[in-house]
Amino acid sequence: MSPSAKPIAGSRQIAKLALPALVVLAAEPLYVLVDTAVVGHLGPVPLAAVAVGGTVMSVAAWVGTLMAYGTTGRAARRFGAGDRAAAVAEGVQASWLAFGLGLLLVLLGTAFAGPVTHALAGNPQTAEAAAGWLRIAVLGAPGLMLSAAGNGWMRGVQDTRRPLAIVLGANVLSALLCPLLVYPFGLGLTGSAIANVTAQSLGGGLFLWSLIRETRQLRPVPSVIVQQVVLGRDLLVRGAAFQACFLSATAVASRFGVAAVGAHQIALQLWFFAALVLDAVAIAAQSLVGAALGAGDVDQARDVARRVTIAGGVSAVAFAALVAAGASAIPALFTGDAAVREQTTVIWPWFVGLLPFAGVVYALDGVLIGAGDVAYLRTTTILGALLGFLPMIWLAYAFDLGLAGVWAGLALFVLVRLVATVARWRSPRWLVVGATR
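Residues numbered from 1 in each chain as written. Predicted model: local features only at pLDDT ≥ 70, side-chain atom pairs only at ≥ 80, totals over all residues. Heavy atoms only, no water.

**Student:** Can you lay out a nonpolar patch on the surface for me, pointing to particular residues and giving the numbers?
**Tutor:** Taken together, the side chains of Leu-104, Leu-108, Phe-112, Val-116 and Leu-120 present a nonpolar region at the surface, about 440 Å² in accessible area. Relative to the elements of secondary structure, Phe-112 occurs in helix 3 (residues 84-120). (Patch = residues over 30% accessible without salt bridge, like charges linked within 9 Å, V, L, I, M, F, W, Y side chains within 5 Å. Areas by Shrake-Rupley, 256 points an atom, 1.4 Å probe, with all protein chains shown as cover. Salt bridge = Lys/Arg side-chain N within 4 Å of Asp/Glu carboxyl O. Helix = DSSP H or I, 4+ residues; strand = E, 2+ residues; numbered from the N terminus.)

**Student:** Got a sec to walk through empty space enclosed by the protein? Specific residues and values, please.
**Tutor:** Counted by the stated rule, this structure contains two cavities of 30 Å³ or more. Of the voids in this model, the largest cavity is the one considered here, and its volume is about 90 Å³. As for the largest cavity, its lining consists of Leu-17, Pro-20, Ala-21, Val-24, Asn-151, Arg-155, Asp-159, Thr-160, Pro-163, Leu-164, Ile-283 and Ser-287. Where the lining of the largest cavity is concerned, the elements lending two or more residues are helix 1 (11-40), helix 5 (141-156), helix 6 (161-182) and helix 9 (258-294). The leading source of residues in the lining of the largest cavity is helix 1, at four residues. Its residues assigned to classes, the lining of the largest cavity comprises seven nonpolar, three polar and two charged. Its volume calculated, the second largest cavity comes out at about 40 Å³. In terms of residue count, the dominant contributor to the lining of the second largest cavity is helix 14 (residues 402-426) (three residues). Considering only residue class, the lining of the second largest cavity consists of seven nonpolar, one polar and no charged. (1 Å grid on protein atoms, 1.4 Å probe; cavity = no way out; pocket = protein on both sides within 12 Å on 5 of 7 lines; lining within 4 Å. Points joined across faces, edges and corners; volume = space filled by probe spheres on them. Nonpolar A, V, L, I, M, F, W, Y, C, P; charged D, E, K, R; others polar.)

**Student:** So what's going on with the packing of helix 12 (residues 338-370) against helix 14? Which residues, and what values?
**Tutor:** Relative orientation of the contacting elements helix 12 and helix 14 amounts to 20°, with a least axis distance of 9 Å. Judged by the angle between their axes, helix 12 and helix 14 are roughly parallel. In the packing of helix 12 onto helix 14, the handedness of the crossing is left-handed. Considered class by class, the residues forming the contact of helix 12 with helix 14 number 21 nonpolar, two polar and three charged. (Axes fitted to C-alpha atoms, helices over the stretch in contact; angles between N-to-C directions. Parallel < 35°, antiparallel > 145°, perpendicular 65-115°, else oblique. Left-handed = near helix turned anticlockwise from the far one by under 90°.)

Purely geometric numbers; function is a separate question.
What follows is the structure, given as structure tokens:
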């Protein structure tokens, strides 16, 4: 193995990968906040339209994230084995798959924008506005998917500089373009959609250009693409289990009244933010574990797993301390309603207490994804949902246990996954060495 390819798994290297990944992960949500603020001044209907259309587009972003995770692990193994060209080749095949999925999303989004937005929106005016926004915004799907594939293979070869520059550059341009198109150019809601497409297409184009600069071997290899589809399928099923749990939790929380669902939404969004922060550590684990196993270094892989687990746990404890200290102040930032704030006091002990365990789970998720042990994660996540989360929250509804019952379901989900990931980590079954699993 060449010296340049040899993975280094110290704490500094983990931070070198995790911190840029955190910025990249945060860039899109921050842009969405800017877009929402700009469109919000157009009135309630455009704001509601962006909310509905953005919810649909978030499905594409979710699929792209799963693709990036799978590509990182496969490319990292090749890179760790000393074969950067093969790692980049994984990026080539992932980009073909991404472009094909992006085109499929364009066709589906164009054809079904009307029916989907009418199903989601509360009134016909909002649905029509959302459909118009979505028909334009979905044109950015190929760029969005290409960006995901590019992020994946670049993380796999431990290149953190270019993804950071590309994602930040595209999102900053779009954040500047959005208010200009919406107001001075008078395009309104259409201007918001055009700004979205511009950012996503520019980002995808820059990742594609970077790939072409790396290699001239750009032909699709169907056998490799099929392998990536299988890996993506397992990640997709696992992600669907998460979505089912969180949608069910919101549905049950809403049965306990407006104040309860408002408090649940505040805590859930903070939970998602914590997950975003902790995912940065998981991404570092994907890259470093994949590289270590590709190099045939089992001890290195175990050391990485230990370090990132500690990093994830410490980060989560720090976040939990901040949340605990802000128990009274944080909810007040989101609502002035006394009933909602009172309901948050029910959730807060669960929220704070679960965060350290979640930090360990997210880190070990990254370890096992990097090792290519995705089928195990898929199965245990489904079991956690079916045996822990879903029964508990529906019991909470049946016996009127309120938000404490809903968050007890989340606690069971986290604990089942904690036991499963720690057990796998302690076993040798995830330590499969070689350039491929």
